Amino acid sequence: MIEKAEFEGFEYIEGGVCAAQGFKANGIQCGLKHEGSINTSKKNDLAVIIADKECTAAAVYTTNKVKGAPIQVTRENIADGKAWGVIVNSVNANTCNADGVEKAQKMCELASKEFDLKPSDFIVASTGVIGQPLPIEPIEKGMPELCKGVNYNGNTEAVNAIMTTDTMPKECAVEFTLGGKKCVMGGMLKGSGMIHPNMATTLTFITTDAAVSHEFLQRALSDVIKTTLNMVSVDGDTSTNDMVCVMANGMAENNLIAMDNDDFAQFENALFIVMVNLARMMARDGEGATKLIQCVCAGADSVQTAQTVAKSVITSSLFKAAMFGEDANWGRILCAIGYADADFDINRVDVNIASRAGKIAVCRNGAGVEFSEEEAKKILMEEEITILVMLGEGEFNATAWGCDLTYDYVKINGDYRS
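Residues numbered from 1 in each chain as written. Predicted model: local features only at pLDDT ≥ 70, side-chain atom pairs only at ≥ 80, totals over all residues. Heavy atoms only, no water.

Enquirer: How do you make sense of the packing of aromatic side chains when you look at a structure like this?
Expert: A complete count under the given rule lists four aromatic pairs for this structure. Between the aromatic rings of Phe216 and Phe264, the centroid separation amounts to 5.0 Å while the plane-to-plane angle is 85°, which identifies the pairing as edge-to-face. Placement of the pair is Phe216 in helix α5 (residues 214-224) and Phe264 in helix α6 (residues 262-284), with a sequence separation of 48 residues. For the pair formed by Phe216 and Phe264, the shared burial category is buried. (Phe/Tyr/Trp six-rings, centres within 6.5 Å; stacked < 30°, edge-to-face > 60°. Helix = DSSP H or I, 4+ residues; strand = E, 2+ residues; numbered from the N terminus. Buried < 20%, exposed > 50% of the residue type's maximum accessible area, 1.4 Å probe, protein only.)

Enquirer: Explain the pairing of strand β8 (residues 203-208) here, please?
Expert: Sheet faces and side chains relate simply in a regular strand, where the side chains alternate between the two faces. Within β8, six of the six residues are buried, which leaves the element mostly enclosed by the surrounding structure. By the alternation rule, side chains of β8 split into Leu203, Phe205 and Thr207 and Thr204, Ile206 and Thr208, which are all buried.

Enquirer: Whenever I open this one, the state of the cysteines confuses me. Can you help?
Expert: Disulfide: a covalent bond formed between the sulfur atoms of two cysteine residues. Evaluated as defined, the whole model comprises zero disulfides. A disulfide-free cysteine, Cys30 has its sulfur positioned 11 Å from the sulfur of Cys147, the nearest such atom. The exposure class assigned to Cys30 is buried, which follows from its relative accessible area of 16%. The thiol of Cys96 is not disulfide-bonded; the next cysteine sulfur, from Cys108, is found 19 Å away. Relative accessible area serves as the criterion here: at 54%, Cys96 is assigned to the exposed category. (Disulfide = S-S within 2.5 Å.)

Enquirer: What is the right way to read the side chain of Thr208 from this model?
Expert: By the element assignment, Thr208 lies in strand β8. Given a relative accessible area of 0%, Thr208 falls into the buried group. Engagement of the side chain of Thr208 in a polar contact is seen with the backbone oxygen of Val184, the distance being 2.9 Å. Discounting chain neighbours no more than four positions away, the residues touching Thr208 are Ala20, Phe23, Phe176, Val184, Met185, Met247, Ala248, Asn249, Gly250 and Phe267. (Polar contact = N/O pair within 3.5 Å; in protein donor to acceptor, adjacent residues only side chain to side chain. Contact = heavy atoms within 4.5 Å.)

Enquirer: Help me understand the pairing of strand β4 (residues 82-89), please; the structure alone is not making it clear to me.
Expert: Counting buried residues along β4, six of its eight residues qualify, which places the element largely inside the surrounding structure. Two strands pair when backbone bridges link them, and strand β3 (residues 46-61) and β4 are joined in this way by seven bridges, in the antiparallel orientation. The residue bridging Ile50 from the neighbouring strand is Gly85, located in β4. Two elements, β4 and strand β5 (residues 122-126), share five bridges in a ladder whose sense is parallel. Residue pairing across strands places Ile87 opposite Val124, the latter belonging to β5. Since β4 and β5 lie parallel, the crossover through helix α2 (residues 100-115) that links them has a hand, and here it is right-handed. (Pairing = 2+ DSSP bridges. Right-handed = clockwise from strand over helix to strand, strands pointing away.)

Enquirer: Sorry, what's going on with unusual backbone geometry here?
Expert: Most peptide bonds take the trans form, and the phi angle of most residues other than glycine is negative. A positive phi angle, close to 65°, is found at Cys96, a residue other than glycine. Within the secondary structure, Cys96 is located in the loop between β4 and α2. A positive phi angle, near 55°, is found at Asp116, a position not held by glycine. Note that Asp116 resides in the loop between α2 and β5.

Listed below in structure tokens is the structure:
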């Protein structure tokens, strides 16, 4: 279980995407499967989130040149900065299909009819196997049941519907104050494999009852993603369907955030808290993972250098394999630091390895130091490992999150379509 960090002025609550007032959700098993699948699982595969009133909406998307059809449709639907809800399926990514856009539009049309809205009022997303046509019939058949069942406690059914190889649901929600008004923000995320820092890295849906203009909602999301979901990597593969969306319905009745002030800073802090917790959950639940690994790079001459070095460490396959083996092979850490695309003096680099079991120095000024292999083993036996890298060149720092590389990662991806 990943512990949540404490932040002054924010309180964690339950409820995920339904925690903020005015949001309902649901998820069902409509019977989606892909060609050749023998999967008889009864896991939910279709979800909806719906607001009580029109929301301001913002999103970021994958930078992969291959993009799922739902991304094109969502871009068009929220071009006006508005949305009422989300319709999303798992099992099939609806990507690289000639009829993909048509199917994504159809999903919006089916959902809109149930709520007496327009198809363009919906964000649409899909995740699962790439390159197989999305069967729309199960979605069409299940849509009435899905939408009739929406409720203010439907987050659990919804988050279960977006999971693919995820082994646990990923949700987070916080209460905070804007101008004396209590506000809530909550989110849900799916992501376990095909995860690499490149704009979005996942399907993530965030809801809030705060009042925020589209411009400042987009600005907050684009800022916060750089230090949260963009700093996660499981396997170095950037998905085709990555999407992070935020909807704000304004029902908290705070003064509209439409300028760079203390309320905007507080709103960004809330978004950071939700997204950083979801990011850590995703890294820990990487396919086949047994450990959450975070690399903190400090003493850099710029944020960019710190981010580049931290991500270089957590994406190294050799280092990740060593963490699975609980082997303090610090040379792999220094190797990954050394090929990072950034300028710094490797002869000034210090490295420590830490966990709940303690901290040990393994490198000083770019060279190894004596340490107890027994003590190091004890530190690496913990579920959460921290690699501390000090560059000694400035005041900037960054944190990246990843996981170990295990036998199970190969097994999961060796028969993903079956």
